[in-house]
Amino acid sequence: MRIALRWSRHILVTLALLLVLVAGGIALAFRITLPPGTNNAAIPGLAAPVEITLDPHGIPWVRAGSAEDAWAALGWLHARDRLFQMDVMRRGAAGRLSALIGSQGLRLDRFSRLLGLAAKAEQDLEGLPAETRAALAAYARGVNAWIDQRGARAAPEYLLLATRPEPWRETDSLLWGKAMALFLTGNMRTELARLRLSTVLPRERIDELWPRDASPHTPVAELPVLPDEHLARVLAALPVFGEDAPLPSTASNSWAVTGPASATGNALLANDPHLALVTPTQWHLARVEAPGLTLAGAFAPGVPFLMLGHNGHIAWGFTTTHSDTQDVFIERLAGEDAYVTPDGPRPFAVREEVIEVRFGDPATLRVRETRHGPVISDLDPVPGTPEGHVLAVAMAMLAPGDAAAVAMHRLNLARDFAEAEDAARLIAAPQQNLVIADRAGRIGMLVPGRVPIRRAGDGSFPVPGWDGSHDWLGFAPYEALPRFVDPPTHRIVNANNRIVPDDFPVLLTRDWWGDFRYRRIVTRLDAHGAPHDAASLAGIQVDVVSQAAQDLLPLMLRGEPAGGAASRAHALLARWDGTMAADRPEPLIYTAWIRAFGRALAARAFGPEAEAFRETVAEFLLFVLTRGAHWCGEAADPCPPVLTRALEDAVAELAAAHGPDPAQWRWGEVHRVRFPHLLFQFVPGIGPWFGTEMATPGDGYTVLRAGVRMTGPRPFENVHGASFRGVYDLAELDASRFVIAPGQSGHPLSAHYRDFAPLWLAGGHVTLPAQPEAVAGTITLLPE
């Protein structure tokens, strides 16, 4: 017994020492990779020294002797603060992530290889003009200078992974655009989900899950029945971008006022793009100056050009159009190696992709392409299914000649609205709503991008590929796309809402998201009672009244519990105005109620084991409670009893977690943002250390977007919101307002890893004037 105890103590001591050594190794890796606050460095190809001043938030002010030197300096700075993030982005888009992190990256790698994004970036690079290629090359030199100087110490993740970053190439910056185009367009997944639902629901019920305005029904093509198991496996093989809240994977707000609607008489513009709330954020603030060049705002690490901000002459912001630029075609097979076309059988274009997998054997993917696009059925890990047919996808973003990099380069240099529009014409993918304001007081919203012209159909459901009946005939010319310029109302507002009527000559999409945020922004603009200034626009950006809740609650309150905690919760909601405040119980009760109501609808339609899909989306619930009571049952007024039971279930679940008194519950206790780290969130036990957790107001329908995760181990978590907020006063652009979250740096030991988070939560901002208000460090970049 003594010997066993002695050995047990030895083992425990040894394990403790090993843990100390591992922790010490991790701490050392972080410490020796931390960039110094003040230093000099050399970049090959610089024409003259570049001076960089860092403010107390780590924001750089770059002063260069030429635009090319400025792009190089930005490459160096982005690598200094975000190299691992940049590396993951380019590897994910190129299908090489598994070589860095192992088999966890295979799902994304297979999809990227299937699409051939790396090869398409190479082809696009060849078609770029010399000035844009020079900017990309200068940026790459800056990134590589940091890599050459630091090696495996370029970021702490490389030391922990025992590897060294590869050199940066010009095409890596183009891959950022490919990744964003893929991230911001997702109709393929929706079409496949509809096709799978067709095995359990009639088409008219499927269409109701995506309620449309009073539009004519599109004739339904006769389609073969594909095995549900195959559809499930293909859907599972597609990467999920963003978080799993039942909301659009991306969203944004943007609005502009001018003339009598502006306190200065000049234009004002507000913009806040909504993306997954992660660490590090997708944006990096900077001010850049060189002869003929001034840029201030949010850059995207990996790209030299300013994405959101102003250039001293114009300001701009983006929102996602959510246009349908992807179609799934069901191809009929003609033997093993060919498929049917209107002109007879045609062989697949076939290639083999070998994916390197760290810590494992290489994975091989056989890729087939049809005249429409790659065969997504090849993602099914079970070979040989389905018999007789395969699924292929057409994507506008896969068409050759993408000049989005040229468009952003020229937008950065535009001096007025007309020059900005000339640049915007070149945007291919993704289609976006581009809101522009210039110093002459002009405002407008352009909607550039490739939109397919279909021979038939509305793109909402997979279609036959063998007969040509639904083929794409080309892309709509820029002149045929929506354009809203200098409106007589002196304002433009967009929050991913419908922008054209159903009879618009070019079909943008069948599916438009609700106008809840749009209506709330308009309400706030109208209620101001005076011309607007930058402060009033910034105040609207943090509004937390849910228009969706205001629309739904009068209909939901018809479900009335007889007594108990559910009755007290009902009474609280009856007096509530829809403000999603973190310190109130009503937002929690309401959100839990719509979740329980959606579950009840799904269980009735799909069965008790149904996976969460769209049953808690406000657009669908409004349809059910106004025009679709058959989802509740067959009685004359079937929804109130379902609503009553749902509220009772929701309150019982909340009481078990938060106590018996609904008045004491708080939305902020569960609606918390965590900003999970890109890599460390997947490491058990240490993930929370690298995040930033805060209680937050709002929901997915408030102007201050705070997308709610309805499922998983942390229901009601805030996973999606404004990763950047900007407000621009064209009368005084140096007073423009900016904020990102959680911080400028991706290094966990940096003082700027999460220092923006409290300011972001409070609705605060910083400015980027010609000179920083305070100096925290300086950097000089020298010609090598």
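Model, not experiment: these values are computed from the prediction.

(A) The arrangement of the overall build of the chain in detail. When helices and strands are tallied, the chain shows 21 helices and 29 strands. Taking the principal axes of the C-alpha coordinates as reference, the chain spans close to 90 × 80 × 70 Å. Expressed as a percentage of the 784 residues in the chain, the buried residues total 59%. Within the chain, residue pairs in contact and separated by at least 24 positions form 72% of the contacts whose partners lie at least 6 positions apart. Working note: accessible area of the chain is about 29,700 Å², and carbon and sulfur atoms make up 57% of it. Mean positive and mean negative side-chain charge positions of the chain (71 and 85 charges, respectively) differ by 5 Å.

(B) Seen up close, the sheet that holds strand β15 (residues 389-395). Pairing within the open sheet is mixed, and its three strands lie in the order β15-β10-β19. Both outer strands of the open sheet, β15 and β19 (463-464), are each paired with one neighbouring strand and no more. Looking at chain direction, strand β10 (residues 326-332) and β15 are connected through seven bridges and run antiparallel. Directly across from R332, in β15, lies its bridge partner H389. Its contacts with the sheet place helix α9 (residues 187-197) against β10 and β15, and it is angled at close to 50° to β10.

(C) Summary view of the nonpolar core. In terms of nonpolar packing, the biggest core is built from 210 residues, with Y590, F597 and L781 touching the most fellow members. The leading source of residues in this core is helix α2 (residues 67-94), at 15 residues. In this view, L781 contacts A41, I43, L46, A48, P49, V50, I52, A73 and W76; residues no more than four positions away in its chain are not counted. A270, V493, A495 and V727 belong to the second largest nonpolar core, which has 16 residues in total.

(D) Representation of the environment of G633 in the model. Summarising the element assignment, G633 is placed in the loop between α19 (618-626) and α20 (639-658). Look at G633 and you get buried, because its relative accessible area is 11%.

(E) The arrangement of the state of the cysteines in detail. In the structure shown here, the tally under the stated rule is one disulfide. The disulfide bridge from C632 ends at C639, spanning 2.1 Å between sulfur atoms. The sign of the 90° torsion about the S-S bond sets the C632-C639 disulfide as right-handed. Just as C632 is buried, C639 falls in that class too.

(F) Just the side chain of S98, in detail. Among the structural elements, S98 can be located in helix α3 (residues 98-101). The residues touching S98, leaving out its near neighbours within four places in the chain, are G105, L106, D109, I355, E356, V357 and R358.

(G) Structural view of the environment of R666. Here R666 lies in the loop between α20 and β23 (672-673). R666 sits 82 residues away from R584 along the chain, and the two C-alpha atoms are 5.1 Å apart. When sequence neighbours within four positions are dropped, the list of residues in contact with R666 reads A582, D583, R584, P585 and L588. At a separation of 3.1 Å, a polar atom in the side chain of R666 contacts the main-chain carbonyl oxygen of D583.

(H) Helix α17 (residues 564-574), seen in detail. Listing the buried residues of α17 in full gives A566, A569, H570, L572 and L573. Buried residues of α17, seen end-on, are gathered within an arc of 160° and therefore sit on one face of the element. Contacts from the buried residues of α17 go to α16 (547-556), α18 (586-606) and α20.

(I) Main features of the packing of aromatic side chains. Scanning all chains against the criterion turns up 15 aromatic pairs. Ring geometry for F620 against W631: centres 4.9 Å apart, planes inclined by 85°, an arrangement best described as edge-to-face. Of this pair, F620 sits in helix α19 while W631 is found in the loop between α19 and α20, placing the two residues 11 residues apart along the sequence. The exposure class of F620 is buried, given its relative accessible area of 1%. Judged by relative accessible area, which is 4%, W631 ranks as buried. When the ring of Y728 is compared with that of F738, the centres are 5.8 Å apart and the planes differ by 65°; the resulting orientation is edge-to-face. Here the residue Y728 occupies a position in strand β27 (residues 724-729), and F738 occupies one in strand β28 (residues 737-740), the gap between them amounting to 10 residues.

(J) Local environment of the confidence of the model for the chain. Chain-level pLDDT for the chain is 92 on average; 92% of the residues reach the 70-or-more range. In the model, residues 213-221 has pLDDT below 50 throughout and makes 11 contacts with residues more than four positions away in sequence or in other chains.

(K) Fine view of the sheet that holds strand β9 (residues 314-320). Ordered in space as β1-β29-β2-β3-β6-β7-β8-β9-β16-β17-β21, the 11 strands form an open sheet in which the pairing is mixed. Sheet topology places β1 (39-43) and β21 (483-485) at the edges, where each strand pairs with a single neighbour. The mean angle between the axes of side-by-side strands here comes to 25°, regardless of whether they run parallel or antiparallel. In terms of strand pairing, strand β7 (residues 293-299) meets strand β8 (residues 306-310) through four bridges, oriented antiparallel. Along β8, the bridge assignment pairs F299 with L306.

(L) Structural view of the pattern of salt bridges. Counted according to the given criterion, the structure contains 47 salt bridges. Among the ionic pairs, R96 bridges to E166, the shortest N-O distance being 3.2 Å. Taken together, the residues R96 in the loop between α2 and α3 and E166 in the loop between α7 (156-160) and α8 (170-183) connect sequence positions 70 residues apart. Residue E166 is classed as partly exposed on the basis of its relative accessible area of 31%. Within the structure, one salt-bridge network assembled from shared partners comprises D87, R90, R91, R96, E166 and D172.

(M) Quick peek at α18. Over its 21 residues, α18 extends 30 Å from the first C-alpha to the last, a length consistent with the 30 Å expected when each residue adds 1.5 Å. Counting buried residues in α18 gives 15 out of 21 residues, a clear majority hidden from the surface. Within two residues after α18, G607 carries a phi angle of roughly 110°, on the positive side.

(N) A look at the side chain of D124. Within the secondary structure, D124 is located in helix α5 (residues 117-126). Among residues more than four places away in sequence, those in contact with D124 are L174, K178, P400, G401 and D402.

(O) Spotlight on the pairing of β8. When you tally the buried positions in β8, you get five out of five residues, the bulk of the element. Counting the residues that bridge the hairpin from β7 to β8 gives six residues, and of these G302 lies at a positive phi of roughly 115°. As paired elements, β8 and β9 share two bridges and run antiparallel to each other. Bridging from a neighbouring strand, H310 pairs with A315 of β9. What sits between the antiparallel neighbours β8 and β9 is a turn of three residues, in which G312 has the positive phi angle 85°.

(P) Structural context of the packing of α17 against α18. Between α17 and α18, the shortest axis-to-axis distance is 10 Å and the interhelical angle comes to 110°. The angle between α17 and α18 places the two elements in the roughly perpendicular class. Considering only the axes of α17 and α18, their crossing is left-handed. Of the residues in α18, those in contact with A569, H570, L572 and L573 of α17 are E586, I589, Y590 and W593. Among the residues making up the contact of α17 with α18, the classes are represented as six nonpolar, one polar and one charged.

(Q) Region of the structure containing unusual backbone geometry. In this model, T279 is joined to P280 through a cis peptide bond whose omega is -5°. Mapped onto the secondary structure, P280 falls in the loop between β5 (268-276) and β6 (284-290). At the junction of A429 and P430, the peptide bond is cis and its omega measures out at 0° in the coordinates. Structurally, P430 can be placed in the loop between α13 (417-424) and β16 (432-438).

Conventions used here
- Throughout, residues of each chain are indexed from 1 in the direction in which the sequence is written.
- Only residues with pLDDT of at least 70 are given local features in this predicted model, and only at 80 or more are side-chain atom pairs given and counted; all residues enter the totals for whole chains, interfaces and linings.
- With hydrogens and water set aside, each side-chain value is computed from the structure's full complement of heavy atoms.
- Here a strand is any run of E in DSSP of at least two residues, a helix any run of H or I of at least four, and the numbering for each starts at the N terminus.
- Here's how the labels work: a residue is buried when its accessible area is under 20% of the maximum for its type, exposed when over 50%, partly exposed in between, all with a 1.4 Å probe on protein chains only.
- Residues count as neighbours in contact if any of their non-hydrogen atoms are within 4.5 Å of one another.
- Computed with the Shrake-Rupley method and a 1.4 Å probe, the accessible areas treat only the protein chains shown as cover for residues.
- We score Asp and Glu as negative and Lys and Arg as positive, and we do not count His or the chain ends.
- The atom standing in for a charge is NZ when the residue is Lys, CZ when it is Arg, CG when it is Asp and CD when it is Glu.
- Two strands form a pair only when DSSP identifies at least two bridges running between them.
- Axis angles are defined between N-to-C directions and span 0 to 180 degrees, where every axis is a line fitted to C-alpha atoms and, for a helix, only to the segment in contact.
- The set of buried Ala, Val, Leu, Ile, Met, Phe, Trp, Tyr and Cys residues whose side-chain atoms join them within 4.5 Å is what this entry labels a nonpolar core.
- Two cysteine sulfurs form a disulfide in these notes if their separation is within 2.5 Å.
- Each polar contact in these results corresponds to two N or O atoms within 3.5 Å; when the atoms are within protein, one needs to be able to donate a hydrogen and the other to accept it, and residues that are neighboring in sequence are counted only if both atoms are side-chain atoms.
- Working definition: the arc comes from the directions between the helix axis and the C-beta atoms, pointing outward to the latter.
- Pairing of aromatic rings covers Phe, Tyr and Trp, the last through its six-membered ring, and needs centres within 6.5 Å; plane angles under 30 degrees mean stacked, over 60 mean edge-to-face, and all others mean tilted.
- Per residue, pLDDT captures the predictor's confidence, and it can take any value from 0 to 100.
- We define a salt bridge as a side-chain nitrogen of Lys or Arg found within 4 Å of a carboxyl oxygen belonging to Asp or Glu.
- One fewer than the residue count of a helix, multiplied by 1.5 Å, yields its expected span.
- Convention used here: angles under 35 degrees read as roughly parallel, angles over 145 as roughly antiparallel, angles from 65 to 115 as roughly perpendicular, and any remaining angle as oblique.
- In a left-handed crossing the near helix is turned counterclockwise from the far helix by less than a right angle, and in a right-handed crossing that turn is clockwise.
- Residues are grouped as follows: Ala, Val, Leu, Ile, Met, Phe, Trp, Tyr, Cys and Pro are nonpolar; Asp, Glu, Lys and Arg are charged; every other residue, Gly included, is polar.

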